[in-house]
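# Topology and contacts: notes
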Amino acid sequence: MAGLAVAVGFLFGHLSLVLAIFFAGLFLWYFRNLLRLQRWLQKGKKYVPPLAGGLWGEVFNGIYRLQQRSRARNKRIVKLLNRFRESTAALPDGVVVLDRTGNIEWWNESAEKLLGLRYPADVGQRLTNLIRNPDFVRYFGEPEPEGRVEFESPRKEGVILTARRVPYGNKQELVLIRDVTLFRRVEDMRRDFVANISHELRTPLTVMRGFLENLVHEGVTEEERQRAVELMSQQAARMQGLVEDLMMLSRLENQETKVANEVVIVPQLLTALQEEAALLNGEKQHHIRWDVDKDLYLRGNSKELDSAFMNLLVNAINYTPPGGEIMVRWYAADDGGACFEVQDNGIGIAPQHIARLTERFYRVDVARSRESGGSGLGLAIVKHILGRHDAQLDIRSQVNRGSTFTCRFPTERVAHAEQDDSLPPAASS
Ligand code: ADP
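What counts, and where the lines are drawn
- Residues numbered from 1 in each chain as written.
- Predicted model: local features only at pLDDT ≥ 70, side-chain atom pairs only at ≥ 80, totals over all residues.
- Heavy atoms only, no water.
- Domains from an automatic or database assignment.
- Patch = residues over 30% accessible without salt bridge, like charges linked within 9 Å, V, L, I, M, F, W, Y side chains within 5 Å.
- Areas by Shrake-Rupley, 256 points an atom, 1.4 Å probe, with all protein chains shown as cover.
- Salt bridge = Lys/Arg side-chain N within 4 Å of Asp/Glu carboxyl O.
- Lys, Arg positive; Asp, Glu negative; His and termini not counted.
- Charge placed at Lys NZ, Arg CZ, Asp CG, Glu CD.
- Helix = DSSP H or I, 4+ residues; strand = E, 2+ residues; numbered from the N terminus.
- Phe/Tyr/Trp six-rings, centres within 6.5 Å; stacked < 30°, edge-to-face > 60°.
- Buried < 20%, exposed > 50% of the residue type's maximum accessible area, 1.4 Å probe, protein only.
- Core = buried A, V, L, I, M, F, W, Y, C linked by side-chain atoms within 4.5 Å.
- Contact = heavy atoms within 4.5 Å.

## Some words on the domain arrangement of the protein chain
Domain parsing of the protein chain yields domain 1 (2–85), domain 2 (91–179), domain 3 (183–254) and domain 4 (262–419). Between the C-alpha centres of domain 1 and domain 3 the distance comes to 97 Å.

## Digging into a positive patch on the surface
A cluster of basic residues, R65, R69, R73 and R76, forms a positive patch at the surface. As for its placement among the helices and strands, R65 is situated in helix α3 (residues 54–90).

## Considerations on the packing of aromatic side chains
For the structure shown, the criterion picks out 14 aromatic pairs. Between W107 and Y119 the ring centres are 6.2 Å apart and the planes differ by 65°, which places this aromatic pair in the edge-to-face class. Of this pair, W107 sits in strand β2 (residues 104–107) while Y119 sits in the loop between α4 (109–115) and α5 (127–130), placing them 12 residues apart in sequence. Of the residues examined, W107 reaches a relative accessible area of 8% and is grouped as buried.

## A short note on the nonpolar core
Here is a general trend for soluble globular proteins: nonpolar side chains tend to be buried in one another's company. Ranked by size, the top nonpolar core spans 48 residues in total, and within it L270, W290, F309, L313, W330, F340 and F409 carry the most contacts. With eight residues, the single largest contributor to this core is helix α10 (residues 302–318). Inspection of this core shows a minimum of three residues originating in each of domain 3 (183–254) and domain 4 (262–419). Setting aside residues no more than four positions away along its own chain, W290 makes contact with L270, L273, Q274, A277, L313 and V328.

This is how it looks when you write it as structure tokens:
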């Protein structure tokens, strides 16, 4: 182009004028394209670059290609980031990222729930400013983190968390937060359980050893010997009862599946229970009344149901002063389910104990329970059995007034005598 302008200039004898016009035109063209480039870059949204020929066309296309490449890369990064966010959000464990100076840079949703972190206020804060537990602060002060630290959640009382520092990259750190409340509870239960069993077995064994030592001494009268044997056999029976209850509980706990759907003729089962109760009631002389729906059956396991009902009845007999009133009911509930209920007018239970009665070894009055031969496992067994039958245990009680224990079975577990001809006729109670 410039060559052409020089040639034209020579031809017409006005070289400088033609060149001046040529460069002015060139300058205007450059300026116009620069303006178009600037507008295009500023607006940004317009995807396609302005049309231009020559060098400018190449510049526009070059920038356009660069832009497209960077857009594609950004898209990939955003996608990756979203995937990372989604996967860390789904993590049950909390993750907090600390920068090189130990300040909070980023965290996932679980960390927010477990530690109560707030966005954006807590970005750039130190974790130890937010969680002031001394063990936690000490752990985060160590230059070479080892193991993990256990601390109570600053958000919820009773929730136990662990934090573990994991160094990565350039002096950065990941902090992994885990809720270990359940593990701790199971651990505590296991410890309590072992301590309880040891204690329960040690007491009768100590009593028996004492009697045995006395028996070998000379000068023990026949009457004393007999009394000692009687008491030792009582202690042996207690230990046997405890071991049987433990075995029953362990069997129930190991059976994961629900019980079979065999039809249990509850009225028949209650007739047998009535005979056993009469024997147990010998000394106490309670007045026990029975109100049994003879056409109401259940689907489940008869041995387990027998054990649960017996436990409730034995408790009513044991925790009611002599001559008490005990009412046993088996009836169809309004919602289509069935209820087994034992009501007594005995010593009753204070409200603060009720929720804990079904815990293993939980007893309101340990001495009284031992006296009556209780192991503290009865209601734990009842709860397990009912759980396996999709049933619930309701406990209502008033101190010195009496207690009512109700087992509520759902409709699906109920069977009626008249509905199924293959069932044997109901037994009378
Ligand atoms: P235990 O072998 O001690 O009877 P359970 O698990 O059967 O163990 O019962 C737990 C505790 O619940 C008992 O120690 C007693 O304090 C209380 N309890 C159970 N049934 C009754 C009841 N009918 N009346 C009053 N207290 C009861």
